[in-house]
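One-letter residues, chain by chain:
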Amino acid sequence: MGECEITYCETVPDLDTYFELRESVEWNNFSAEQAVKAINGSAYFILAKDGEKAVAMGRAVGDGMYYVIVDVVVRPEYQSKRIGATIVNRLVEMIQNDAPEGSRVSIQLLAARGKEEFYVKQGFKILPHEFCGPALRKVIYT
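Since the model is a prediction, treat every value here as computed from it, not as a measurement.

It is worth spelling out the side chain of arginine 75 at this point. Looking at the element boundaries, arginine 75 is found in the loop between strand E4 (66–74) and helix H3 (83–98). In terms of polar contacts, arginine 75 uses its side chain to reach the backbone carbonyl oxygen of alanine 54, at 2.7 Å. When residues no more than four places from it in sequence are discounted, the contact partners of arginine 75 are Glu20, Leu21, Ser24, Lys53, Ala54 and Val55.

Here you go:
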């Protein structure tokens, strides 16, 4: 792969692209109906492309006070090119820019095992820390 020029857009991908990007990093996919509802309900979405090829994505869900960054995916052959960092930082900037003056916003994420340091480099803190307890999770299967 030669030199690439990555473009970033605030575009929600189609379902096939979303599933393909998740599969590129060996993540399981959710049901199609669930995935469509989730990606269409995103507060913010960044899609990175090399030409017409989708190579990375990330999205944030939230309510104006609390946000969770999810689905940060970079195809393996495009990793280590600061694409993921650019996506995370753009999502944070979008959230920050939309926050009313004088407000406080909390942004969380769950890092894939072994990727924690990537997010620490982007300014995130590993929980627990001085302001909060440990992160907890409940998964429901139907």
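Our next topic: the pairing of strand E5 (residues 106–109). In this sheet, E5 lies alongside E4 in parallel orientation, the contact comprising 4 bridges. Within E5, the residue paired with valine 68 across the bridge is glutamine 108. Where the polypeptide runs from E4 across H3 and back to E5, its parallel neighbour, the crossover connection is right-handed.

Moving on to helix H1 (residues 15–24). In an α-helix, one full turn covers 3.6 residues, which means residues spaced three or four apart are oriented alike. What H1 keeps buried is the set Thr17, Tyr18, Phe19, Leu21 and Arg22. Buried residues in H1 make contact with helix H2 (32–40), strand E2 (44–50), strand E3 (53–62) and E4. By the N-cap criterion, in which a side-chain oxygen at the helix start approaches the backbone nitrogen of a residue two or three places on, H1 is capped by aspartate 14, the distance to aspartate 16 being 3.2 Å. Note on H1: the residue one or two positions beyond its end, glutamate 26, has a positive phi of about 65°.

Take the side chain of aspartate 71 next. With respect to the secondary-structure elements, aspartate 71 resides in strand E4. For aspartate 71, a relative accessible area of 8% gives the class buried. Of the polar contacts made by the side chain of aspartate 71, one reaches the side chain of tyrosine 18; its length is 2.6 Å. Polar side-chain contacts of aspartate 71 include one of 2.7 Å to the side chain of arginine 59. Among residues more than four places away in sequence, those in contact with aspartate 71 are Tyr18, Arg22, Trp27, Met57, Gly58 and Arg59.

Scoring rules and cut-offs
- Residues numbered from 1 in each chain as written.
- Predicted model: local features only at pLDDT ≥ 70, side-chain atom pairs only at ≥ 80, totals over all residues.
- Heavy atoms only, no water.
- Helix = DSSP H or I, 4+ residues; strand = E, 2+ residues; numbered from the N terminus.
- Polar contact = N/O pair within 3.5 Å; in protein donor to acceptor, adjacent residues only side chain to side chain.
- Contact = heavy atoms within 4.5 Å.
- Pairing = 2+ DSSP bridges.
- Right-handed = clockwise from strand over helix to strand, strands pointing away.
- Buried < 20%, exposed > 50% of the residue type's maximum accessible area, 1.4 Å probe, protein only.

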